[in-house]
Amino acid sequence: MGKMCLKRQACLTSMYLANCKFPQLNRFMSVRAHGHTYYYVPTMNIQRPSTERDYIPIADHGLIGNLRTAALVSLDGSIESYCVPNFDSPSIFARILDKDKGGHFSITPTVPFSTKHNYLPSSNVLQTKFLNEKGVVSVTDFLPRQEDSKSTRPLLFWLIRRVEVVRGTVPLRVECAPAFNYARDPHATQIVPDDTIPLQFSKQNKVVFTSRPAASPYLASGASSQNTSHEPLTLDLRFLPESLLDNVPVPEVSLETLNLSAKGHLGLAAQTELTLVEGQRVTFVLRIVPEHKGDGGSSVDEEKAELLGLDYQKLMVGAQKMRSKDDPVMTSELLDHLFVSTNNYWNSWIRKSTYQGSWKEAVHRSALALKLLIFEPTGAIVASPTFSLPEYIGGTRNWDYRASWIRDSSFTLYALIRLGFTEEANAYMEFIFERLKNKNPDGSLQIMYTIHGGKDLEEIELLHLDGHKGSKPVRIGNGAADHVQLDIYGELMDCIYLGQKFGRPLSYDTWVLVRELVDFVVANYKKPDLSIWEVRGKERHFTYSKIMLWVAIDRGLRLADKRSLPCPHRLQWLAARDDLYEEIMHKAWNKDTQAFGQSYEETDVLDSSVLIMPLVFFMTPSDARFVSTLKQILRTPERGGLTSNNLVYRYDVNKSDDGVGGEEGTFCLCTLWCVEALTRAGEYERPLLQRAVAMFEDFLLYLNHVGLCSEEISESGEALGNAVQGFTHVTLISAAYNLSRTLANH
C-alpha cells in the first residue's frame, strides 16, 4: 500500500512541477512515472481583474485562525469571511455570502494574473502567489499566535497580510471594506495620523472604522435584537512599508476612502493602489483598536533623539515598555517576530502527532484544520467557522455551524486523541463537565452550546444578504439547538470512555454526573427523536439514535467495570442495553430488502448513518446483516443505493421527508464512514478492503488545493456546505488511521 501511495504522490508531484515549468503551454502534455504515462491539460488559471467580481467557489479558499476566530482567504487574495473577535461574533467580512455588500479585504493585481495558494509546511500560515510575465508577488496571511501557548504576553487580535514582490514589478489594488454586524450596521470612516509606528521617515496615516449600531436601518424594520444591541466596534487599518534590499527605496503607500454605497455598503471603505518592485514589502494590519492606548515613544524620531543626546534604539526599547502590551509599536522587528512565532507554534504542535500511516500529509492537514476550530478560552469546538454556506447551490439548506455540537466535538476529540493530542481532549472534557453541572430540568443536555457555554442560539434569517450564489436564506443562530436528538449521549459517552484511556481520570464527583446521564438514557431510550441529521419534520425512532443510545449505556457499564466505580443501577443498565440491541435487530431490519432502514417507521429507506455500527462496536463488521446493508448502500441511486462516483449520500431526499426540502450533494462524512466500514469488513472479505482503498484515494481528489474539506460534494464535484467542516476532517483522520492499521496487519 505504501508503494501505491508513493506512486500516486510521485505522479501528482511530477504533474505539478511540469505545470509550473511550462505554464504557457495550452495543449495535452504527458508525464511518465512508474512505467505509466499520464496525460493532462495544463491550465493557467488566468484571472482578469474586474470591478464586477463574481462569487468565488467555496472550495477556492484557505483558512487561517488564532483559536479565537478564523478567516476564509480566497484564491484571488480576498478575506471573504471573518467574524471578530470570536467565531460566533458578527461578521465584518462576509463577501462569500453577498458579493456586493457582504464586506471584504482584498489584495489583488490590477493586471491579468494566475494564482497559487499554499500553506507553509506543517503550518496554518497561508501564502497566496500572484504570477504574470512581468512579476510575482506573495501575500502571506495569518492571525498571530505565541510560540509558547503558556506565554504571559497578551494575544494580539490582528489580521496580518504581508505583501512582498518576489520578482519584477506588480501593480496592486488594496480594498478594505468592512460591513459590520452581518452588513447591518453603518459605520464612520476616518483617515488619521498613525501613532503606532515610529517616525523613522515621515508621518503615516491609518484608517479608523467605527460602527454605529444605533443607526442600523434594520433596527427600525423589526429585526430581532440578537447581535443588534451591542457596543460600537472600532477597527483600524495600518501598514508598514519596508525595503529588503539596499538599493531599493521604501515603497510609498497612501490610503484613501472609497465609496461603495452603490453596492449597498453602509459606510466608506479604504483603498490604495501601489506598484511594488522586487525587494519591497508592505504589511497591512487590521485590528480591533485597544481600549487603553499609549504614546510609547511613537512620536520620537532619530533626529529628535540625537538633539536630546539620547540613543534612539535604547529610547525606543524603554518607550515600548511603557506602552500597553496589547498596543505595541508596530515595528518591522515585531512583525517578523509575530510571523516566526506563529509559524513555530503550528510546527511544534503538529510534530506531536503520533500518526505514521500512509496518508500522513492529508491526516496532518486535517489535524491542523481541526485545531483551528477550537475556542481556546473554554475548550469548546465549533462544527465549522463559517455560516450559511449552501448544501445545494440555490437551495435553502443553509445553516450556521459556529456553535459547539456535542456530537461533532466528541468525534473531533476521538480523532485528536488517536493522533496523540490529549491536551485538547482534556480541555474539551472540562467544557462538557461544566455543562453536566447545568443540565436541563429533565436531566437532558442541549445538543449544542455556544462556544462560551450558553444555551441561547436563536435562529434568524438575514433577508438583506444575497446568499452564496443566490442561495437564500442566510441564517445565523441555529433553531435545532432545542431539538431532541438522543444520539448525542452515545457520542459523548464514547468520548468520555476514550478520554479515560488517554486523558485525565474521572473524579468521583464527575462520575456521579456521568452516571446520571446514563440513568437519563435508560429512562428515555424508548422515545423518538430528530437524530443526527436534525430533520425539521416529525420525530421518529431513528436507527442511528438507537445505536448510539446503546453505545451510551455500554460505555457507562465499561467505565464502571474498568475503574471499579460504584454503579447502583447496574442491573437496569444491563437490561436496557440488551433490550435495545434486540429491539434494533427486530424493528430496524427490513427482511425484504435485507438491510437496516433509516428508522423503525421507514425501514424501506436507506440511510448511510447506519454504517456507524461496526465503528462503535455495536456489531461485528463480518455480520451478514451489516455486510448486506453495506453492499446495498454501495449501489448507485438508480439501483436503490446511495453511492455515486464513489461518494455517498446521507439518504434519498425524495424518499424521506426531512421537513427541509430542496436538494443536496453527497455527504463527505458518509463517504468516509463508508471507507471505514469497508476497511473493517475488508478484514474478512479482501475485495472490500480493496474497495476501501479505492474509495479513500478517490475522496482525497476532492480535497481542495490546500487539503481542506467542505461538508458536501455536488454531482459535478463542486464543494458545498460550510467550510472548513470539522466532521469531515474528523472522519478523514479516523478512516486513514484504521485503513493504515488494517493494511499494515495484512
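The structure we're discussing is the one just above.
Residues numbered from 1 in each chain as written. Predicted model: local features only at pLDDT ≥ 70, side-chain atom pairs only at ≥ 80, totals over all residues. Heavy atoms only, no water.

Topic: the pairing of strand β7 (residues 104-109)
With 6 of 6 residues buried, β7 is to be regarded as a mostly interior element. Residues of β7 alternate between two faces, with H104, S106 and T108 on one and F105, I107 and P109 on the opposite face, all of them buried. The pairing of strand β5 (residues 78-83) with β7 spans 2 bridges and is antiparallel. From the neighbouring strand, I79 faces β7, where its bridge partner is F105. (Buried < 20%, exposed > 50% of the residue type's maximum accessible area, 1.4 Å probe, protein only. Helix = DSSP H or I, 4+ residues; strand = E, 2+ residues; numbered from the N terminus. Pairing = 2+ DSSP bridges.)

Remarks on the packing of helix α15 (residues 668-681) against helix α17 (residues 726-745)
At a minimum axis separation of 9 Å, α15 and α17 run at an interaxial angle of 15°. Classified by the angle their axes make, α15 and α17 are roughly parallel. In this structure, α15 crosses over α17, and the sense of that crossing is left-handed. Residue-level inspection shows C668, L669, L672, W673, V675, E676, T679 and R680 of α15 in contact with α17, the latter providing F727, T728, T731, L732, S734, A735, N738, L739 and T742. A class-by-class count of the residues in the contact of α15 with α17 yields 9 nonpolar, 6 polar and 2 charged. (Axes fitted to C-alpha atoms, helices over the stretch in contact; angles between N-to-C directions. Parallel < 35°, antiparallel > 145°, perpendicular 65-115°, else oblique. Left-handed = near helix turned anticlockwise from the far one by under 90°. Contact = heavy atoms within 4.5 Å. Nonpolar A, V, L, I, M, F, W, Y, C, P; charged D, E, K, R; others polar.)

A few points about the nonpolar core
Ranked by internal contacts, the top residues of the largest apolar core, which has 205 residues, are F105, L237, F696 and L732. Tallying contributions element by element places helix α12 (residues 543-563) first for this core, with 11 residues. Discounting residues that sit within four places of it in the chain, L732 has contacts with A362, V363, S366, L672, F696, F699, L700, L703 and C709. Judged by nonpolar contacts, the second largest core, of 13 residues, contains F142, L156, L240 and L334. (Core = buried A, V, L, I, M, F, W, Y, C linked by side-chain atoms within 4.5 Å.)

Some words on the pattern of salt bridges
The full count for this structure, using the stated rule, is 43 salt bridges. Across the pair E376 and R145 runs a salt bridge whose closest N-O atoms are separated by 2.9 Å. One end of the pair, E376, is in the loop between β18 (374-375) and β19 (380-381); the other, R145, is in the loop between β10 (135-142) and β11 (158-177), and 231 residues separate them in sequence. Note on R145: relative accessible area 3%, which makes it buried. E461 is the partner of R475 in a salt bridge, and the nearest nitrogen-oxygen pair spans 4.0 Å. With R475 in strand β25 (residues 474-476) and E461 in strand β24 (residues 460-462), this pair connects stretches of sequence that are 14 residues apart. One network of salt bridges, in which partners are shared, links D195, K206, D236, R238, R287 and D327. (Salt bridge = Lys/Arg side-chain N within 4 Å of Asp/Glu carboxyl O.)

A word on the environment of P566
Mapped onto the elements of the fold, P566 is located in the loop between α12 and α13 (570-587). Separated by 51 residues in sequence, P566 and R515 have C-alpha atoms that sit 9.3 Å apart. When residues no more than four places from it in sequence are discounted, the contact partners of P566 are Y508, W511 and R515.

What about the pairing of strand β8 (residues 114-119)?
Consecutive side chains along a regular strand alternate between the two faces of the sheet. As paired elements, β8 and strand β9 (residues 126-132) share 6 bridges and run antiparallel to each other. Across the sheet, Y119 pairs through a bridge with L126, a residue of β9.

Notes on empty space enclosed by the protein
Counted under the stated rule, the structure contains 5 cavities of 30 Å³ or more. By volume, the largest cavity is sized at about 310 Å³. The wall of the largest cavity is formed by 23 residues, among which Y401, I532, W533, E534 and R650 lie closest to the centre. A breakdown of the residues in the lining of the largest cavity according to their chemical character gives 12 nonpolar, 2 polar and 9 charged. The volume enclosed by the second largest cavity comes to roughly 70 Å³. Ranked by residue count, the leading element in the lining of the second largest cavity is strand β17 (residues 280-288), at 3 residues. A class-by-class count of the residues in the lining of the second largest cavity yields 8 nonpolar, 2 polar and 1 charged. (1 Å grid on protein atoms, 1.4 Å probe; cavity = no way out; pocket = protein on both sides within 12 Å on 5 of 7 lines; lining within 4 Å. Points joined across faces, edges and corners; volume = space filled by probe spheres on them.)

Topic: the packing of helix α6 (residues 332-350) against helix α7 (residues 360-371)
In the contact formed by α6 and α7, the axes pass within 11 Å of each other and the chain directions differ by 120°. In terms of axis orientation, α6 runs oblique to α7. By crossing handedness, the relation of α6 to α7 is classed as right-handed. Contact residues: Y345, W346, W349 and I350 in α6; H364, A367, L368 and K371 in α7. Among the residues making up the contact of α6 with α7, the classes are represented as 6 nonpolar, 1 polar and 1 charged.

Points about unusual backbone geometry
With an omega of 5°, the peptide bond between V84 and P85 qualifies as cis. Locating P85 in the fold gives a position in the loop between β5 and β6 (91-93). One non-glycine residue, S122, lies in the positive phi region at around 55°. Relative to the helices and strands, S122 is located in the loop between β8 and β9. Residue class for S122 comes out partly exposed when judged on its relative accessible area of 39%. One non-glycine residue with positive phi stands out, namely N645, at about 55°. Here N645 lies in the loop between β28 (643-644) and β29 (647-648).

Notes on the packing of aromatic side chains
Both the distance between ring centres and the angle between the ring planes are used here to describe each pair of aromatic rings. Evaluation of the coordinates by the stated rule reveals 23 aromatic pairs. For the ring pair F113 and F130, a centre distance of 5.1 Å and an interplane angle of 75° mean the geometry is edge-to-face. Of the two residues, F113 is situated in the loop between β7 and β8 and F130 in strand β9; the sequence distance between them amounts to 17 residues. On the basis of relative accessibility, which here comes to 1%, the residue F130 falls in the buried class. An angle of 75° between the planes, with centres 5.0 Å apart, marks the rings of Y345 and W346 as edge-to-face. Both residues of the pair, Y345 and W346, count as buried. Chaining the aromatic ring pairs together yields one cluster made of F411, Y544, W673 and F727. Lying across the ring of Y345, R145 places its NZ or CZ 4.6 Å from the centre. Its guanidinium or amino end placed over the ring of Y119, R365 lies 4.0 Å from that ring's centre, counting from NZ or CZ. (Phe/Tyr/Trp six-rings, centres within 6.5 Å; stacked < 30°, edge-to-face > 60°. Lys NZ or Arg CZ within 6 Å of the ring centre and 35° of its normal.)

Observations regarding the side chain of D529
Structurally, D529 is set in the loop between α11 (508-524) and α12. A distance of 2.8 Å separates a polar side-chain atom of D529 from the backbone nitrogen of L486. Here S545 takes part through its side chain, which lies 2.6 Å from a polar atom of the side chain of D529. (Polar contact = N/O pair within 3.5 Å; in protein donor to acceptor, adjacent residues only side chain to side chain.)

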